[in-house]
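Geometric and topological summary
Each chain is listed here by its residues.
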Amino acid sequence: MRISFLTNILTPYRIHFFDEIFSQLTKTGGKISVFVMTDELPLRPWKYDDLKREYTHLLKGKRVDIGANDYLYNRTVVKDILDFKPDVLIVAGSWTYPTVWKTVFSSKIKQQCPVLFWTESHDHTGLPNASKTKPVIKVVKRFILEQFDGFCLPGKYAIENIAQYIDTRKAQIVRLPNLVDNEYYSYAREMRKYRTELREKNDIRNDVKVFFTPARMVELKGQLPFLLNAANVLNGKNVMFVFAGEGPDKIRIQEIAEQIGVNVRLLDYQNQEQIREWEALSDAFLLPSISDANPLTNIEAAWAGLPLCISCYVGNGPELVDEYSNGVIFDTLNKEDVEQKMLFILKQNDEWFARAGEISYKKAQADFEVHSEVEKFIIELTNRIIRGGIH
């Protein structure tokens, strides 16, 4: 079996998934090829050379940035893909890229193999400037999406979104969750044996409830509205919120925390090793985003065995949280909801936190184990998409 991916840029949070596909296909005589549209993108600190593999190929092309949007065009994309002779092609990146149009409208590629679109987009957002898609844009988007033979989607929210454009009852939909290095992050459960030492190292008492948030400090990550809406139930409580990352909201977050009397510790960007250490010493994971497609941080936290407190705007929330069993899902912008959910969490004893963390871990094992999920993905591509002859 030969699988091709076409993506805008290589990212550290995707490379483990591609490596696993490479490993499994190689054992059976198959091959993977990942075609990359551009070397780098704005606000992405990594470049192609940082992550390239023997199966990746950087396409020649051009990038045009207009406002906050980028547009990519790779003239030889069709030839490069056809030279690989894939059995299936999976296209990622924005549907607005000219490279995506050139690929999906290529009759030569469509004759060679089925073409699937991989998207995580959803409409659950609390951003004040988020507007509804204009009718004319919706028509164009529907026309382009209808050219694909199927879709790779991570879960409920993404399926709801794509249902605006295609009939999901008839469409070929392959589940493709975001996946992480689960062996690495699950080791946090073992590290928790040394929680006292880890807390002493970071000057945190054992009786403090620690909520950990590894995320940029920007509007869409929601730290500011969360603190403001939770202030009444947090004030005077023996809790600490650890926000790890950079961003323009950092100073304002510190100011608000001091004004409302909430214990907040701000850290700089943390690497994988540091994040795992914080997961090991923390009591719960917190992600109050007001717009978030399908983050990996809460999957990492589930593998680390933490209860999950996440907003209703986080794309993979429905797949990760059984509310009140292993965490809560709240509306960051709704003061009453934030207060109610945080009050519930703060009333729980240590036994509940331990049990909730174990439920998170079991959910990760069931639905986000990288080897088994990639294996299922390859089998589904083979049986439903390729042998099914859908194109």
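Our structure is the block above this text.
In this text the structure is predicted, and so the values were computed from the model without any measurement.

1. Remarks on the packing of aromatic side chains
Under the definition given, this model contains 21 aromatic pairs. For the pair phenylalanine 117 and phenylalanine 148, a centre-to-centre distance of 4.9 Å together with 35 degrees between the ring planes defines the contact as tilted. Of this pair, phenylalanine 117 sits in strand S7 (residues 115-118) while phenylalanine 148 sits in the loop between helix H6 (135-145) and strand S8 (150-153), placing them 31 residues apart in sequence. Phenylalanine 148 matches phenylalanine 117 in its accessibility class, with the two residues each being buried. With 5.7 Å between their ring centres and 85 degrees between their planes, phenylalanine 344 and tryptophan 352 make a pair best called edge-to-face. The partly exposed category is assigned to phenylalanine 344, whose relative accessible area is 22%. Among the residues examined, tryptophan 352 registers a relative accessible area of 6% and is labelled buried. Feature note: the residues Phe5, Phe17, Phe18, Trp118 and Phe377 constitute an aromatic cluster, connected by ring pairs. Positioned above the aromatic ring of phenylalanine 84 is the side chain of arginine 2, whose terminal nitrogen or guanidinium carbon lies 4.4 Å from the ring centre. The positively charged end of arginine 276 is found above the aromatic ring belonging to tyrosine 184, 3.8 Å away from the centroid.

2. Quick notes on unusual backbone geometry
Of note in the backbone geometry, lysine 85 takes a positive phi value of approximately 55 degrees without being a glycine. Tracing the backbone through its elements, the reader meets lysine 85 in the loop between helix H3 (77-84) and strand S6 (88-91). The phi dihedral of tyrosine 324 is positive, around 75 degrees, even though this residue is not glycine. Relative to the elements of secondary structure, tyrosine 324 occurs in the loop between helix H14 (317-320) and strand S15 (327-330).

3. A look at the side chain of lysine 141
Within the fold, lysine 141 resides in helix H6. The buried charged residue lysine 141 lacks any salt bridge, with aspartate 123 as its nearest oppositely charged partner at 6.7 Å. Beyond its immediate chain neighbours, meaning those up to four positions away, lysine 141 contacts Trp95, Asn161 and Tyr165.

4. Topic: the pairing of S8
Both faces of S8 are covered, namely the face carrying Gly150 and Cys152 and the face carrying Phe151 and Leu153. Bridge analysis of S7 against S8 gives 3 bridges, and the strand direction is parallel. For tryptophan 118, the partnering residue across the bridge sits in S8 and is cysteine 152. With 3 bridges connecting them, S8 and strand S9 (residues 173-175) associate as parallel partners. Among the inter-strand pairings, leucine 153 is bridged to a residue of S9, identified as arginine 175.

5. A word on the pattern of salt bridges
A side chain with one charge can pair with a side chain of the opposite charge if their charged atoms come near. Summed over the entire model, instances satisfying the criterion amount to 25 salt bridges. The salt bridge partner of glutamate 120 is arginine 14, with a shortest N-O separation of 2.6 Å. Linking glutamate 120 in the loop between S7 and H6 with arginine 14 in helix H1 (residues 12-27), this pair joins segments that are 106 residues apart in sequence. Glutamate 190 serves as the salt-bridge partner of lysine 193, at 3.0 Å between the closest nitrogen and oxygen. Classification of lysine 193 as exposed rests on a relative accessible area of 60%. Through salt bridges with shared partners, a single network forms among Arg175, Glu373 and Lys376.

6. So, the side chain of aspartate 283
By the secondary structure assignment, aspartate 283 is in the loop between helix H12 (272-281) and strand S13 (284-287). On the accessibility criterion, aspartate 283 (8% relative accessible area) is buried. Engagement of the side chain of aspartate 283 in a polar contact is seen with the side chain of arginine 195, the distance being 2.9 Å. Of the polar contacts made by the side chain of aspartate 283, one reaches the side chain of arginine 199; its length is 2.7 Å.

Each value, and the rule that gives it
- Residues numbered from 1 in each chain as written.
- Predicted model: local features only at pLDDT ≥ 70, side-chain atom pairs only at ≥ 80, totals over all residues.
- Heavy atoms only, no water.
- Phe/Tyr/Trp six-rings, centres within 6.5 Å; stacked < 30°, edge-to-face > 60°.
- Helix = DSSP H or I, 4+ residues; strand = E, 2+ residues; numbered from the N terminus.
- Buried < 20%, exposed > 50% of the residue type's maximum accessible area, 1.4 Å probe, protein only.
- Lys NZ or Arg CZ within 6 Å of the ring centre and 35° of its normal.
- Lys, Arg positive; Asp, Glu negative; His and termini not counted.
- Salt bridge = Lys/Arg side-chain N within 4 Å of Asp/Glu carboxyl O.
- Contact = heavy atoms within 4.5 Å.
- Pairing = 2+ DSSP bridges.
- Polar contact = N/O pair within 3.5 Å; in protein donor to acceptor, adjacent residues only side chain to side chain.

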